[in-house]
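Observations on the model geometry
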Amino acid sequence: VTNLAQEGRQLARKVLFYQSLIAMTLACMFFLYLDKYSGISALYGGLVCVIPGVVFAFLAFRYAGASQNKLVVRSFNKGSKLKFIFTIVLFVMVYKWPNLQPIPLIVSYVVTLMVNGPLLYLLVALIVNNSKTRLNTDFNFKIVDDKMAD
């Protein structure tokens, strides 16, 4: 496994960890402030987001490097398709539960899904800053010469 694949796996683990943490926190909040079924529904919403993400991460970061570029593209493609299919199947399964509370489910799913954007930005910024690249305030990456950065 190349260094690039390892970095991708580490990034995916961090994102999935924080998504799981947010999903559990939301489930506890709905459970404590509303009722048991709202908490379980919120937990299901988080799981519908996290489980397909695990499938994608497993497939997407199996290969890396220029010599395996066809395998990288194929695994990303397969991972994104399976993530989509898993999301649909999980939503169908969850909506069959008779005590489902749709609002906590959707809120938890959307909030857990939204963790991706800001969290990925911060994690990538940390990785990128370690490799002589800086972020400007517009969320765009730009390479900065060390002499100019000082």
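Residues numbered from 1 in each chain as written. Predicted model: local features only at pLDDT ≥ 70, side-chain atom pairs only at ≥ 80, totals over all residues. Heavy atoms only, no water.

1. Regarding the side chain of S108
Position of S108 relative to the elements: it lies in helix 4 (residues 102-114). Non-local contacts of S108, meaning those with residues more than four positions away in its chain, are made with L26, A42, G45 and G46. (Helix = DSSP H or I, 4+ residues; strand = E, 2+ residues; numbered from the N terminus. Contact = heavy atoms within 4.5 Å.)

2. Describing the side chain of S75
Mapped onto the elements of the fold, S75 is located in helix 3 (residues 69-95). Given a relative accessible area of 6%, S75 falls into the buried group. A polar side-chain atom of S75 sits 3.3 Å from the main-chain carbonyl oxygen of L59. (Buried < 20%, exposed > 50% of the residue type's maximum accessible area, 1.4 Å probe, protein only. Polar contact = N/O pair within 3.5 Å; in protein donor to acceptor, adjacent residues only side chain to side chain.)

3. Concerning the packing of aromatic side chains
Under the defined criterion, the tally for this structure stands at six aromatic pairs. Between Y44 and W97 the ring centres are 5.4 Å apart and the planes differ by 75 degrees, which places this aromatic pair in the edge-to-face class. Note that Y44 is positioned in helix 2 (residues 36-60) and W97 in the loop between helix 3 and helix 4, a separation of 53 residues in sequence. Take Y44: its relative accessible area is 29%, and that puts it in the partly exposed class. On the basis of an interplanar angle of 35 degrees and a centroid distance of 6.3 Å, the ring pair of F91 and Y95 is categorised as tilted. One end of the pair is F91 and the other is Y95, both in helix 3 and four residues apart, which spans about a single turn. For F91, a relative accessible area of 17% translates into the label buried. Positioned over the ring face of F56 is K83, at 5.7 Å from the centre of the ring. (Phe/Tyr/Trp six-rings, centres within 6.5 Å; stacked < 30°, edge-to-face > 60°. Lys NZ or Arg CZ within 6 Å of the ring centre and 35° of its normal.)

4. Thoughts on the packing of helix 3 against helix 4
Running from amino to carboxyl end, helix 3 crosses helix 4 at an angle of 160 degrees, the nearest separation of the two axes being 12 Å. Taken together, helix 3 and helix 4 sit at an angle that is classed as roughly antiparallel. Regarding helix 3 and helix 4, the two cross each other, and that crossing is right-handed. Residues T87, F91, V94 and Y95 of helix 3 pack against P102, L105, I106 and Y109 of helix 4. Here the residues of the contact of helix 3 with helix 4 are counted per class, giving seven nonpolar, one polar and no charged. (Axes fitted to C-alpha atoms, helices over the stretch in contact; angles between N-to-C directions. Parallel < 35°, antiparallel > 145°, perpendicular 65-115°, else oblique. Left-handed = near helix turned anticlockwise from the far one by under 90°. Nonpolar A, V, L, I, M, F, W, Y, C, P; charged D, E, K, R; others polar.)

5. Remarks on the environment of S108
Given a relative accessible area of 0%, S108 falls into the buried group. The spacing of S108 and I22 is 86 residues in sequence and 8.4 Å in space, taken between C-alpha atoms. Engagement of the side chain of S108 in a polar contact is seen with the backbone nitrogen of G46, the distance being 3.3 Å.

6. Let's talk about a nonpolar patch on the surface
Where nonpolar side chains cluster on the molecular surface, the patch consists of F84, I85, I88, V89, V92 and M93 and spans about 570 Å² of accessible area. With respect to the helices, strands and loops of the structure, V89 is situated in helix 3. On the accessibility criterion, V89 (42% relative accessible area) is partly exposed. (Patch = residues over 30% accessible without salt bridge, like charges linked within 9 Å, V, L, I, M, F, W, Y side chains within 5 Å. Areas by Shrake-Rupley, 256 points an atom, 1.4 Å probe, with all protein chains shown as cover. Salt bridge = Lys/Arg side-chain N within 4 Å of Asp/Glu carboxyl O.)

7. Comments concerning the nonpolar core
By size, the foremost hydrophobic cluster in this structure holds nine residues: V48, C49, L90, F91, V94, W97, L100, L105 and Y109. Among the secondary structure elements, those contributing two or more residues to this core are helix 2, helix 3 and helix 4. Residues in contact with Y109, not counting those within four places in the same chain, are G45, G46, V48, C49, T87 and F91. Counting seven residues, the second largest nonpolar core, distinct from the first, contains A12, L16, V50 and F61. (Core = buried A, V, L, I, M, F, W, Y, C linked by side-chain atoms within 4.5 Å.)

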